[in-house]
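Analysis of the macromolecular model
Listed below are the residues making up each chain.
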Amino acid sequence: MLFDGMPNLVVAATGARLLVNPGLDRNRPYGEAERAILSLEGARLAHSTISAWPGYAATPVLSLDALAAASGLAAIAYKHEGRRFALKSFKALGGAYAVERLVVQRGSAEGLTVTCATDGNHGRAVAWGASRLGVKAVIYVHETVSEGRATAIAAFGAEVRRVPGNYDDAVRASAEAAAANDWTIVSDTSWPGYDLIPRDVMQGYAVLAMEAEEQGAAPTHVFVQGGVGGLAAGVLSWYWELQGAGRPRVIVVEPETADCLYRSALAGRWTAVGGDLDTIMAGLACGEPSQLAWALLAPGADAFVTIPDARAADAMRDLADLGIAAGESGVAGLAGLRAIAGDAACRAALGLDGASRVFCIGTEGATDPVIYREIVGRDPEDVERMSA
Ligand SMILES: Cc1ncc(COP(=O)(O)O)c(C=O)c1O
């Protein structure tokens, strides 16, 4: 169904909403303004740094042939970040890389304390990056971050502080503590006057697009989930600078209750969403887009999709049947694709057809095994054993 007077907005029977980006300017070159945020050169530096870390391996790109056939597509490639270092999420590429850049720029880790707010994965990455280099870390979590995720952060030696409110309240609490104690904020989101470190975080994320390219993925469409938009911007920047107007279409998927990027696109300007942002997709429960990320997504992302939680749970179970253990936020891109792929108006709006090769970024494994079991009914180890 197309919305009256809004030919670029479609609601599918699955409950997903699709907005073709009214601000999209596909022919705009990737110029100096964009390169000042993220660049191929920066991505290559991040790649050479991260690939030298002990335990590094490119995460696998899995071919989901049965799901592609069921959705009437030529191929779905799924990059399984559940196998990223010991962290089970792509966030290792961002937070830990930014901590290393900080230490390199300062010339030493001596006396350095880093802090950030997190829904789970970014804090785990910063804590891991800090522990690798002997840096102290104080990580802020908000009231609905699961105990399992908080414990996983503390396991890397970080101090974990729980604060009332949502993710954006935790961002403010960590910023206040940093100012009071002379700590350095390693945030995955940027705001006016704070953008150098989030740039390194996003630049680290572009490494996964670079790996996928080396692994032979040549997509026509990329479905990538959005929290503050840093990952989506990192991935978009790689394709945009490399391939210009010939790049794949990039579609950003969010939970319907935490849809700040979708709403920003609808309003034509940076827009915040309030409330408790309640969703099972904990890593995407963000109400305020990163300013830097939005500067790239506003003219460069092709479309924005929102999905109900039930679609993410369906995708987790479908992947489990294929021997892939993926977390609630990790499946969101794939869930968004599947939620719109059966709708003729959505397919037409995005040019999805039997020749489309879709790249989905499976951004996390079962980062909270207790929640995973509640949703899927099996332990993640048992699921992955099936595919071993
Ligand atoms: C598993 C997972 N996927 C995706 C995202 C979204 O990344 P961003 O906030 O940069 O948009 C997050 C953010 O924490 C995450 O944890």
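Definitions and limits used
- Residues numbered from 1 in each chain as written.
- Predicted model: local features only at pLDDT ≥ 70, side-chain atom pairs only at ≥ 80, totals over all residues.
- Helix = DSSP H or I, 4+ residues; strand = E, 2+ residues; numbered from the N terminus.
- Rg over C-alpha atoms; globule rule 2.2 N^0.38 Å.
- Buried ≥ 20, exposed ≤ 12 C-beta atoms within 10 Å, placed from the backbone.
- Contact = placed C-beta atoms within 7 Å.
- Near = placed C-beta within 6 Å.
- Nonpolar A, V, L, I, M, F, W, Y, C, P; charged D, E, K, R; others polar.
- Domains from an automatic or database assignment.

Attention now goes to the overall build of the protein. When you go through the protein residue by residue, the secondary structure sums to 16 helices and 13 strands. Its C-alpha radius of gyration of 19 Å places the protein within 12% of the 21 Å reference for a compact globule of 388 residues. Counting only C-alpha atoms and orienting by the principal axes, one finds that the protein spans roughly 60 × 50 × 40 Å. Out of the 388 residues in the protein, the part that is buried amounts to 56%. Partitioning the intrachain contacts of the protein with sequence separation of at least 6 by distance along the chain shows that 75% fall at a separation of at least 24.

Attention shifts here to the environment of C286. For C286, the location among the structural elements is in the loop between α10 (260-267) and α11 (291-300). Through-space distance from the C-alpha of C286 to that of R101 is 25 Å; in sequence the pair is 185 residues apart. Apart from the residues lying within four places of it in its own chain, the contact partners of C286 are Y167, G227, V228, A258 and C260.

Within the structure, the ligand sits among 21 residues, and N121, G227, G230, G283 and T363 are positioned closest to it. Elements represented by at least two residues in the shell around the ligand include exactly α5 (121-133) and α9 (230-243). Broken down by element, the shell around the ligand gets its largest block of residues, 3 residues, from α9. Among the residues forming the shell around the ligand, the class breakdown is 5 nonpolar, 12 polar and 4 charged.

It is worth spelling out unusual backbone geometry at this point. A positive phi angle, near 65°, is found at K88, a position not held by glycine. Among the secondary structure elements, K88 is positioned in the loop between β5 (75-80) and α4 (95-106). The phi dihedral of D182 falls on the positive side, at around 60°, and the residue is not glycine. Tracing the chain through its elements places D182 in the loop between α7 (167-181) and β9 (184-185). Under the C-beta neighbour-count criterion, D182 is labelled exposed, with 8 such atoms within 10 Å.

Bringing helix α13 (residues 332-340) into the picture now. For α13, a buried count of 9 out of 9 residues is recorded, marking the element as mostly surrounded by other parts of the structure. Within the span of α13, buried status applies to A332, G333, L334, A335, G336, L337, R338, A339 and I340.

So, on to the domain arrangement of the protein. By domain assignment, the protein separates into domain 1 (2-89 + 199-387) and domain 2 (95-187). Between domain 1 and domain 2, the contact holds 22 residues from the first and 18 residues from the second. When residues of the side of domain 1 that touches domain 2 are traced back to their parent elements, those giving at least two are α2 (40-50), α8 (196-214) and α15 (369-376). Taken together, the residues that form the side of domain 1 that touches domain 2 break down as 11 nonpolar, 6 polar and 5 charged.

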